[in-house]
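Each chain, written out:
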Amino acid sequence: MADIQTREAARPNELSHSPHGALPAAGRAKKRAGRGGLAIAGEKLIELLIRLCGISAIIFVFGIFFFVFREAAPLFFEKPKAPTQEQAAMVERHADDHRPAHKVFSLKEFLFSKEWYPTSQSNVRFGVLALIVGTLSVTVLAMLMAVPFGLGAAVFVSEFCGGKLKETLKIVIELLAAIPSVVWGFIGLTVMNPIIQNLFNAPIGLNMLNGAILLALMSVPIMVSIGEDALKAVPDSFREAGIALGATKWQLVYRVLIPAAKNGLLAAVLLGVGRAVGETMAVLMATGHAVNIPFIKADGSFNPWFTFEPVRTLTATIAAELGEASEGSQHYRVLFLIGVLLFSITAVVNLTADMAIRGIKRK
Amino acid sequence: MSKLKTTTNWGMAIVLAIGLSQTGCGKRDSASSSGSGSGGGEVTSVQNMGSDTMVNLAQAWSEEYHKVDPSVSIEVSGGGSGLGIAGLINGTAEIANSSRKLEPEEVEKCKAKHGHDPKEYMVGYDALSIFVHKNNPLNEISIEELGEIYKEGGKVTKWSDLGVQSIPGAQGDEIVRISRQNNSGTYHYFREVVIGKKGDFKAGSVDLNGSKDVVETIAKTPNAIGYSGMGYATPEVKIVKVAKKKGEPSVMPNIETTLNKTYPIARPMFMYTPGSPPPHIQKYLDWVLSDAGQKIVKDTGYVPLPKK
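Just so it is clear, the model here is predicted, and its values are computed rather than measured.

1. Some thoughts on the overall build of chain A
Consideration 1: Along its length, chain A carries 16 helices and two strands.
Consideration 2: Across the 363 residues of chain A, 33% fall into the buried class.

Printed below as a string of structure tokens:
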């Protein structure tokens, strides 16, 4: 979010500089010659430092992706191998230990099986379908709540209120964004849990709805601030033209501003989605953490009350299990592969958001 | 303008330099304070981690032992038996708490890393208790019924299947299964005795990350059933008597029934060290096994070792 604001803030500066012609390089060098060599070296150093700070984000992103992928990669290259002598001896020594033969990892099972039994003694299964469904369903439900609220608030803050109210609202909304996710999780666990049980007659209050409400509350502030920026970017001449044509305030918003700012609003929504997909602590505490496809009942029929089913997300699974998976084991690598999967999902969402923003710029 | 630019640059450089030196100082300060915090005498700290079931007990031991021997500080952390054992193998835990025995594979790994077999100390028992909400009229349950509730392919999903007609405050008839994360020693033990070594849990149980969380969630959820250490019982939940088989007499978990082995799902609790421990750790473990240490086992709600 901050990234986009700074980028937008930086743009006009560049533009305002270039017509005057920021001193041509030769001229700059001449000016510098007047100063001490130390000053020049110092400036070079600072420039380099700042350049590094700028580029560091790219290095970090690729670095993280590389390390996460490196931990997961051996899954794809291992081959079923005959037990070494040592292993054979071990099996003999513990003949009563009915450990399954080492299973080769299958990407198909990973993506399409809903059976997640990473520490099973008899039949280890690494299927994350239920976790993907959990993540997506919680996110979609959260967005159904957050999008109307977030964009509504953005329109209100940007167009319908002014002065003190506007400033207060903006500060309070920023504060909402500053609440740590573990605090949200705590609220889900202690406050929302009994409320959901009693209000909706749900057997357990730690469920999809609980997690989705928390995620909605967490992603609304992002949507409001970016949505508001997008609306602010619509030139005032649009508003003036609308009013001149006799449009009411609502018609102005609905017919003029929203269509004009739609790319920015879309970006706001997508960044909210990114936040919701990546959120860990709150959903770990509030969704019930059950490997469960909420839409299907135990007998295989469709479950219309799916919002009250406990679910488990990809992020929460990593958080809960990585600490205890022994390093280098298949379980450990699969958890990293879940990391790669999450990384890909959020990257796609963020890239889409970025392209949407670029869309505005071109206009 | 260019002059202004240079001054701001230098200004920034100064700010940066101050910032960097500050963080440097901060680090040094914290290092020295932790050094001086250890007081006049030399304090040896011992890393003790693992079983979440045992974390309260280990904490109580650590606090009490500090009075006995202030020169040793036992630093306790939880996280689960799996974490403790992983720590034992990679060397971050000097004592690992575990609510299950080491797997043969783990013994091999530890031996490969440290050169000798890990040393095992049985330090007490825990009666794994079955908890339901305090309004639940259920009083007893058999291991088979628990299996049908929890195992993959088990048939029992409704309270009425167990003969419980209505639970005051409950929403519907569904049994909400509370379980533990899949690396927990308690999870492993429950799977072994209730589901069977070859079986697995029914998907869709609510998997929580701590013994205390299980009890707290059950206290808030009238439809729930769950398993946790006996020491975590609160007035908000009810412990159910357990029978080995349907029709056999059901037994309440307590010290007596655990020691005479009539309670079917009691388990020993262990502490492991990588090989023979150094003298200060050996002294601590001896104290844990002494009467003073075993009294704390009883006080925290677990079952002490039988007197010899």
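And the narrative resumes.
2. A few points about the pairing of strand E10 (residues 266–273) of chain B
Residues and elements named next belong to chain B.
Consideration 1: Burial analysis of E10 places seven of its eight residues in the buried class, which makes it a mostly covered element.
Consideration 2: As defined by bridge partners, strand E3 (residues 95–98) adjoins E10 across three bridges and the pair is classed as antiparallel. Directly across from Ala96, in E10, lies its bridge partner Tyr272.
Consideration 3: Across eight bridges, the pairing between strand E4 (residues 119–133) and E10 is antiparallel. The partner of Glu120 across the bridge, within E10, is Tyr272.

3. Things to note about the interface of chain B and chain A
Consideration 1: Taken residue by residue, the interface counts 34 residues in chain B and 37 residues in chain A.
Consideration 2: Breaking the side of chain B that touches chain A down by element, the ones donating at least two residues are helix H1 (2–37), helix H3 (81–90), helix H4 (104–114) and strand E7 (206–208) of chain B.
Consideration 3: Broken down by element, the residue count for the side of chain B that touches chain A peaks at five residues, all from H1 of chain B.
Consideration 4: Partitioning the side of chain B that touches chain A into residue classes produces ten nonpolar, 17 polar and seven charged.

4. Things to note about unusual backbone geometry
All names here are of chain A.
Consideration 1: Positive phi outside glycine occurs at Asn201, with the angle close to 55°.
Consideration 2: On the secondary structure map, Asn201 appears in the loop between helix H9 (181–200) and helix H10 (208–232).
Consideration 3: Residue His289 is not a glycine yet carries a positive backbone phi of 55°.
Consideration 4: With respect to the helices, strands and loops of the structure, His289 is situated in the loop between helix H14 (281–286) and helix H15 (314–321).

5. Quick word on the nonpolar core
Residue and element names in this part refer to chain A.
Consideration 1: Ala142, Ala212, Leu215, Met223 and Ala268 are the most contacted members of the largest nonpolar core, which totals 142 residues.
Consideration 2: Residue contributions to this core peak at 15 residues, all from H10.
Consideration 3: Apart from the residues within four sequence positions on either side, Leu215 is in contact with Val138, Thr139, Ala142, Ala276, Glu279, Ala282 and Val283.

6. Overview of the environment of Gly359 of chain A
Residue and element names in this part refer to chain A.
Consideration 1: Here Gly359 lies in helix H16 (residues 330–362).
Consideration 2: For Gly359, a count of 14 C-beta atoms within 10 Å puts it in the partly exposed group.
Consideration 3: Note: C-alpha distance between Gly359 and Asn263 (96 residues apart in sequence) is 6.3 Å.

7. Re the confidence of the model for chain B
Residue and element names in this part refer to chain B.
Consideration 1: Averaged over all residues, the pLDDT of chain B is 83; the fraction at 70 or higher stands at 86%.
Consideration 2: The least confident element of chain B, judged by mean pLDDT, is H1 at 41; the most confident is strand E9 (residues 237–243) at 94.
Consideration 3: Contacts for the low-pLDDT stretch residues 1–40, under 50 throughout, to residues beyond four places or in other chains number nine contacts.
Consideration 4: Complex prediction metrics read pTM 0.76 and ipTM 0.74.

8. Quick notes on the packing of H10 of chain A against helix H13 (residues 262–278) of chain A
Residues and elements named next belong to chain A.
Consideration 1: Direction vectors running N to C along H10 and H13 enclose 155°, while the axes themselves pass 8 Å from each other. With respect to H13, the element H10 is oriented roughly antiparallel. The chirality of how H10 crosses H13 is right-handed. On the side of H10, the interface is formed by Leu215, Met218, Ser219, Ile222, Met223, Ile226, Gly227, Asp229 and Ala230, while H13 contributes Gly264, Leu265, Ala267, Ala268, Val269, Leu271, Gly272, Arg275 and Ala276.

9. Examining the pairing of strand E1 (residues 44–50) of chain B
Residue and element names in this part refer to chain B.
Consideration 1: Strand direction decides the pairing type here: E1 and strand E2 (residues 72–79), joined by seven bridges, are parallel. The residue bridging Gln47 from the neighbouring strand is Glu75, located in E2.
Consideration 2: Crossover handedness for the path E1 to helix H2 (residues 55–68) to E2: right-handed.
Consideration 3: Examined bridge by bridge, E1 and E3 share three bridges and lie parallel to one another. Within E3, the residue paired with Asn48 across the bridge is Ile95.

10. As for the environment of Asn201 of chain A
Consideration 1: Taking the C-beta count within 10 Å as the criterion, Asn201 of chain A has 12 such neighbours and is therefore assigned exposed.
Consideration 2: Spatially, the C-alpha atoms of Asn201 of chain A and Val256 of chain A are 44 Å apart, while their sequence positions differ by 55 residues.
Consideration 3: If we ignore the near neighbours within four places in the chain, the residues touching Asn201 of chain A are Gln171 and Gly172 of chain B.

11. Some remarks on the packing of H3 of chain B against H4 of chain B
If you want to describe how two helices pack, look at the angle between their axes and the distance between the axes.
Residue and element names in this part refer to chain B.
Consideration 1: Their axes nearest at 8 Å, the elements H3 and H4 cross at an angle of 30°. Of the possible angle classes, the one that applies to H3 and H4 is roughly parallel. Contacts between H3 and H4 involve Ile85, Leu88 and Ile89 on the former and, on the latter, Glu106, Lys109, Cys110 and Lys113.
Consideration 2: Tallied by class, the residues present in the contact of H3 with H4 amount to four nonpolar, no polar and three charged.

12. Examining the environment of Val194 of chain B
All names here are of chain B.
Consideration 1: Relative to the assigned elements, Val194 resides in helix H6 (residues 185–195).
Consideration 2: Val194 sits 35 residues away from Trp159 along the chain, and the two C-alpha atoms are 18 Å apart.
Consideration 3: Residue contacts for Val194: discarding those within four places in its chain leaves Ile143, Leu146, Gly147 and Tyr150.

Analysis parameters
- Residues numbered from 1 in each chain as written.
- Chains lettered and ligands numbered in written order.
- Predicted model: local features only at pLDDT ≥ 70, side-chain atom pairs only at ≥ 80, totals over all residues.
- Helix = DSSP H or I, 4+ residues; strand = E, 2+ residues; numbered from the N terminus.
- Buried ≥ 20, exposed ≤ 12 C-beta atoms within 10 Å, placed from the backbone.
- Pairing = 2+ DSSP bridges.
- Contact = placed C-beta atoms within 7 Å.
- Nonpolar A, V, L, I, M, F, W, Y, C, P; charged D, E, K, R; others polar.
- Core = buried A, V, L, I, M, F, W, Y, C linked by C-beta atoms within 7 Å.
- pLDDT = per-residue confidence, 0-100.
- Axes fitted to C-alpha atoms, helices over the stretch in contact; angles between N-to-C directions.
- Parallel < 35°, antiparallel > 145°, perpendicular 65-115°, else oblique.
- Left-handed = near helix turned anticlockwise from the far one by under 90°.
- Right-handed = clockwise from strand over helix to strand, strands pointing away.

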